[in-house]
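Examining the three-dimensional arrangement
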Amino acid sequence: MKWLVCPRCSSRFSGQSPRWRCDCGHYLLLESDSLFRLEGLDIKKLGVWRYRESLGVDEATVPVTLGEGSTPLIPVNWEGREVLVKLDYLCPTGSYKDRGSTVMLSKLKAWGLSQIVEDSSGNAGASVAAYAAVAGIQADIYIPESTSSGKALQITLYGAHLVRVPGSREDTSKAAWEAAKLTFYASHNWSPYFLAGMKTTAYEICEQLDWESPDWVVAPVGGGSLLLGLFLGFKDLHQAGIISRIPQLAAIQSDRCAPIVAAWKDGLDEVSPAIPREMVAEGIAVTRPVRGREVLEAIRASDGRAAVVSDEEIWAALEKLGRLGLYVEPTSAVVMAALSNLGRQEVICRDQRVVLVLTGSGLKATDRIEAQWARGLSKG
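An account of the accompanying structure is given in this report. (Residues numbered from 1 in each chain as written. Predicted model: local features only at pLDDT ≥ 70, side-chain atom pairs only at ≥ 80, totals over all residues. Heavy atoms only, no water.)

Brief notes about the nonpolar core
Of all hydrophobic cores here, the largest spans 86 residues; its most connected members are Leu 105, Leu 108, Ile 116 and Phe 234. A total of 8 residues in this core trace back to one element, the largest contributor, which is helix 5 (residues 192–208). Sequence-distant contacts of Leu 108, that is, excluding residues within four places in its chain, are made with Leu 113, Ile 116, Ile 137, Phe 184 and Ala 186. One finds Cys 257, Val 309, Val 334 and Leu 356 within the second-largest nonpolar core, a separate group that totals 41 residues. (Core = buried A, V, L, I, M, F, W, Y, C linked by side-chain atoms within 4.5 Å. Buried < 20%, exposed > 50% of the residue type's maximum accessible area, 1.4 Å probe, protein only. Helix = DSSP H or I, 4+ residues; strand = E, 2+ residues; numbered from the N terminus. Contact = heavy atoms within 4.5 Å.)

Written out as structure tokens, the structure reads:
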């Protein structure tokens, strides 16, 4: 039995019926009754469902899948040092969100849901729309009016009902919450099953390194599902005795929206909402992270770091990545910009093994990249 547990009031739910939060209003986390086991790997499969035992779904659940996961981990030379980049933008819908969507939509289909609502800055909405199409579930996807046209078009082509909301990312969440009074809220920021899918990023990284952990993993952070999933995945492997230590985690945000970084620097346990500002890294423009407390705990438990980068640094990093044959959206480029800064500060040393997760394809944001290119891409 895979239980759902509330971190606030300790209530437990079996997960046998549709539920996206606790009765007290808090989000839920997945509690597993078993550790990660190497012998539990499905050797006949690649990708996310290779690690089925750790995903929190029953054996009878039929996966809703597009073949996500098993993305390359490749070495690149970044400013004179070799680092490893995890190409998660090569997932089926062009972003790492597919790892969570496959697990969440599999559970939603098993629950027998016919309609859902989700809000997103773009990538999660596109991913949920695609997997909802495979599952035969109608999805209403709420996005900010300013979302890149490529992501909006994806959502529409997958057959979802697209709702553009004027204003900030926070305004979009509020609109979706209103809609969720009548329709099940399949939020990637709230779902414990979506978070379970994120753990597979850590599993894959270690498996690709012959079951060794890197020294550092650098990831962009908005709502924090990727960083928290990485921590939980590495924690599973450490508790099972497969890896000797949990790598240090670097949580990277834009200097225009950095509530996690602000709370981490001030030594706080809770995250205060940030004031929304226009920014190039739209995928991490989250002013009020739902799981902020757990993200802070993950950074500190891993002896990690939270840091910001500027729009100018993001554009410069994106252009450098292009020269390496890697075409990513600006949100992905934040990790490379941060590596440059953290390397100069000697937070991340040159002899350490570093993995950086590239999360979204540049094809999703070509309209913005093209506009910036006309102005001189790396000039900001």
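Anyway, onward from the coordinates.
A few points about empty space enclosed by the protein
As enumerated under the stated definition, the model contains 4 cavities of 30 Å³ or more in all. One number sums up the size of the largest cavity: a volume of about 230 Å³. In terms of lining, the largest cavity is formed by 24 residues, of which the most central are Tyr 96, Lys 97, Ser 121, Gly 223 and Gly 283. Elements with a contribution of two residues or more to the lining of the largest cavity: helix 2 (123–135) and helix 6 (225–239). Considering every element that reaches the lining of the largest cavity, the biggest residue donor is helix 6, with 3 residues. Tallied by class, the residues present in the lining of the largest cavity amount to 8 nonpolar, 13 polar and 3 charged. Among the secondary structure elements, those contributing two or more residues to the lining of the second largest cavity are helix 1 (98–110), strand 9 (184–185) and helix 5. Of the residues in the lining of the second largest cavity, the class split is 9 nonpolar, 2 polar and 1 charged. (1 Å grid on protein atoms, 1.4 Å probe; cavity = no way out; pocket = protein on both sides within 12 Å on 5 of 7 lines; lining within 4 Å. Points joined across faces, edges and corners; volume = space filled by probe spheres on them. Nonpolar A, V, L, I, M, F, W, Y, C, P; charged D, E, K, R; others polar.)

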